[in-house]
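One letter stands for each residue in the lines below.
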Amino acid sequence: MLKRWLVGTHQGAVSLQHLDYYLDEFTFRFNRRKSHSRGKLFYRLLQQAVAGEPVPYKAVVGGTLAKSRDPNL
């Protein structure tokens, strides 16, 4: 099933650098394939995204948060 998903969804273009993330996504989807409330999961994800504090791009990609002149960075 994993091979079929990778070839179908990603057209076989999977890099070793991101393989862990692809496997995590597959596991997540596989474990929730029979869930009766899949739409609720997306709704709650949006709720948490709106309610949370914004995260700077540099914090997301793992860079250091140096003091800069732009307070939004």
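Residues numbered from 1 in each chain as written. Predicted model: local features only at pLDDT ≥ 70, side-chain atom pairs only at ≥ 80, totals over all residues. Heavy atoms only, no water.

Colleague: Before we move on, can you summarise the overall build of the protein chain with the specific residues and values?
Modeller: When helices and strands are counted, the protein chain shows four helices and zero strands. Put simply, the protein chain has 73 residues, and 7% of those count as buried. On the protein chain, roughly 7100 Å² of surface is accessible, and the fraction owed to carbon and sulfur atoms is 58%. (Helix = DSSP H or I, 4+ residues; strand = E, 2+ residues; numbered from the N terminus. Buried < 20%, exposed > 50% of the residue type's maximum accessible area, 1.4 Å probe, protein only. Areas by Shrake-Rupley, 256 points an atom, 1.4 Å probe, with all protein chains shown as cover.)

Colleague: Lay out the pattern of salt bridges with the relevant residues and their values.
Modeller: Opposite charge on two side chains lets them pair, provided their charged atoms get close. What the rule picks out here adds up to one salt bridge. Salt-bridge contacts for Arg29 lead to Glu25; the nearest nitrogen and oxygen are separated by 2.9 Å. Taken together, the residues Arg29 and Glu25, both in helix H2 (residues 19-31) and four residues apart, mark about one turn of the helix. Judged by its relative accessible area of 48%, Arg29 falls in the partly exposed class. Since its relative accessible area comes to 28%, Glu25 is described here as partly exposed. (Salt bridge = Lys/Arg side-chain N within 4 Å of Asp/Glu carboxyl O.)

Colleague: Which residues make up helix H1 (residues 2-10), and what values go with them?
Modeller: Turning to H1, its buried residues are Trp5, Leu6 and His10. In an axial view of H1, the angular spread of the buried residues amounts to 95°, which keeps them on one side of the axis. Relative to its buried face, H1 has exposed residues pointing more than 90 degrees away, namely Lys3, Arg4 and Val7. Along its buried surface, H1 packs onto H2. (Arc of directions from axis to C-beta. Contact = heavy atoms within 4.5 Å.)

Colleague: Can you lay out the packing of aromatic side chains for me, pointing to particular residues and giving the numbers?
Modeller: One pass over the full model with this rule turns up one aromatic pair. In this structure, Arg33 packs its charged tip against the face of Phe30, placed 3.8 Å from the ring centre. (Phe/Tyr/Trp six-rings, centres within 6.5 Å; stacked < 30°, edge-to-face > 60°. Lys NZ or Arg CZ within 6 Å of the ring centre and 35° of its normal.)

Colleague: Any details on a nonpolar patch on the surface? Residues and values, ideally.
Modeller: A cluster of nonpolar side chains, namely Val55, Tyr57, Val60 and Val61, defines an oily patch on the protein surface of about 460 Å² accessible area. By the element assignment, Val61 lies in helix H4 (residues 57-61). (Patch = residues over 30% accessible without salt bridge, like charges linked within 9 Å, V, L, I, M, F, W, Y side chains within 5 Å.)

Colleague: A description of the packing of H1 against H2 should follow, citing residues and the corresponding values.
Modeller: Two elements in contact, H1 and H2, have axes whose closest approach is 11 Å; the angle formed by their N-to-C orientations is 110°. In terms of orientation, H1 and H2 fall into the roughly perpendicular class. Here Leu2, Trp5, Leu6 and His10 of H1 come into contact with H2, specifically with Tyr22, Leu23, Glu25, Phe26 and Arg29. Along the lines of polarity and charge, the residues of the contact of H1 with H2 split into six nonpolar, one polar and two charged. (Axes fitted to C-alpha atoms, helices over the stretch in contact; angles between N-to-C directions. Parallel < 35°, antiparallel > 145°, perpendicular 65-115°, else oblique. Nonpolar A, V, L, I, M, F, W, Y, C, P; charged D, E, K, R; others polar.)

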